[in-house]
Amino acid sequence: MFSLEVNTFLEIIFAHRAVISGSLALYLFDPSRGWLPNNMDLYIPQRRVFRVMKRLRGLGYIPVKDVTQRCCHYHASNDIASVIMLTNGDRTIDIVESTTISALSPIFKFHLTAVMNYATAEGFFSAYPVLTSHGHSLINPMQFISNLPMSPMAACFKKYLQ
């Protein structure tokens, strides 16, 4: 659905220790829900953003903008160094760069347990498999003590409710 040759894309994920999270990971977990994701959240370790962008540019994706400051669904404390949006005209890929050598560190600090799933080149992981398989999620209580603005988070909750 993202016009990517599977083996090439898997090689990018494997070579750069990247993971896919967000709505595409939910779709991979259960594609029977009747919707198709139109964006991909690709999490990468620190200092790999330019190499991954170069590979995706070779696959027809061009950078649109740096969306680090305005993306509500990327409020994961300070574990995110940058968020760069790329598009091929139909679909978008958000490259989420971690501040650590692990692409996973931001994922487990998110606002909803629904986002705490990811796919790698080797398989799929769900932090809350029973909730996820039943289409349920919990709000991460850390969001209420982190002093983040609630209105952007409410918009994100609405996205996953839909």
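It should be noted that the structure appears before, not after, this text.
Because the structure is a prediction, the values reported are computed rather than measured.

A.B. asks: An account of the packing of aromatic side chains is needed here, citing residue identities and associated values.
C.D. replies: Scanning the entire structure with this criterion turns up 4 aromatic pairs. Centroid distance phenylalanine 108 to phenylalanine 125: 6.0 Å. Interplanar angle 80°. Geometry classified as edge-to-face. A residue pair is termed long-range when its members are at least 10 positions apart, and phenylalanine 108 in the loop between strand E5 (92-98) and strand E6 (117-119) and phenylalanine 125 in strand E7 (residues 124-126) qualify at 17 residues. On the basis of relative accessible area, phenylalanine 125 is assigned to the partly exposed category, the value being 35%. Connected via pairs of aromatic rings, a cluster forms that spans Phe108, Tyr118 and Phe125.

A.B. asks: Which residues make up the pairing of E5, and what are the values?
C.D. replies: Burial within E5 is extensive, with 6 of its 7 residues counted as buried. Examined bridge by bridge, strand E2 (residues 39-44) and E5 share 6 bridges and lie parallel to one another. The residue of E5 that forms the bridge with asparagine 39 is threonine 92. Inspection of the sheet shows strand E4 (residues 80-87) paired to E5 by 7 bridges, in the antiparallel sense. For threonine 87, the partnering residue across the bridge sits in E5 and is threonine 92.

A.B. asks: Requested: an account of the side chain of serine 126, with residues and values cited.
C.D. replies: Along the chain, serine 126 turns up in strand E7. Within the structure, serine 126 has its side chain in polar contact with the side chain of threonine 132 (distance 3.4 Å). Those residues in contact with serine 126 that lie beyond four places of it in its chain are Phe29, Met116, Asn117 and Thr132.

A.B. asks: Report on the pairing of E4, specifying residues and quantitative values.
C.D. replies: Where burial is concerned, most of E4 is hidden: 7 out of the 8 residues are buried. Hairpin connection, E4 to E5: the antiparallel pair is bridged by 4 residues, and glycine 89 has positive phi, about 105°.

A.B. asks: Describe helix H1 (residues 6-15), with residues and values.
C.D. replies: Residues Phe9, Ile12 and Ile13 constitute the buried set of H1. Seen end-on, H1 carries its buried residues on one side only, within an arc spanning 95°. Seen from the buried face of H1, the exposed residues on the opposite side, beyond 90 degrees, are Asn7 and Phe14. In the core, the buried residues of H1 are packed alongside strand E1 (19-21), E2 and helix H3 (49-58). In the segment just after H1, arginine 17 is the residue with positive phi, at about 50°.

Calculation notes
Residues numbered from 1 in each chain as written. Predicted model: local features only at pLDDT ≥ 70, side-chain atom pairs only at ≥ 80, totals over all residues. Heavy atoms only, no water. Phe/Tyr/Trp six-rings, centres within 6.5 Å; stacked < 30°, edge-to-face > 60°. Helix = DSSP H or I, 4+ residues; strand = E, 2+ residues; numbered from the N terminus. Buried < 20%, exposed > 50% of the residue type's maximum accessible area, 1.4 Å probe, protein only. Pairing = 2+ DSSP bridges. Polar contact = N/O pair within 3.5 Å; in protein donor to acceptor, adjacent residues only side chain to side chain. Contact = heavy atoms within 4.5 Å. Arc of directions from axis to C-beta.

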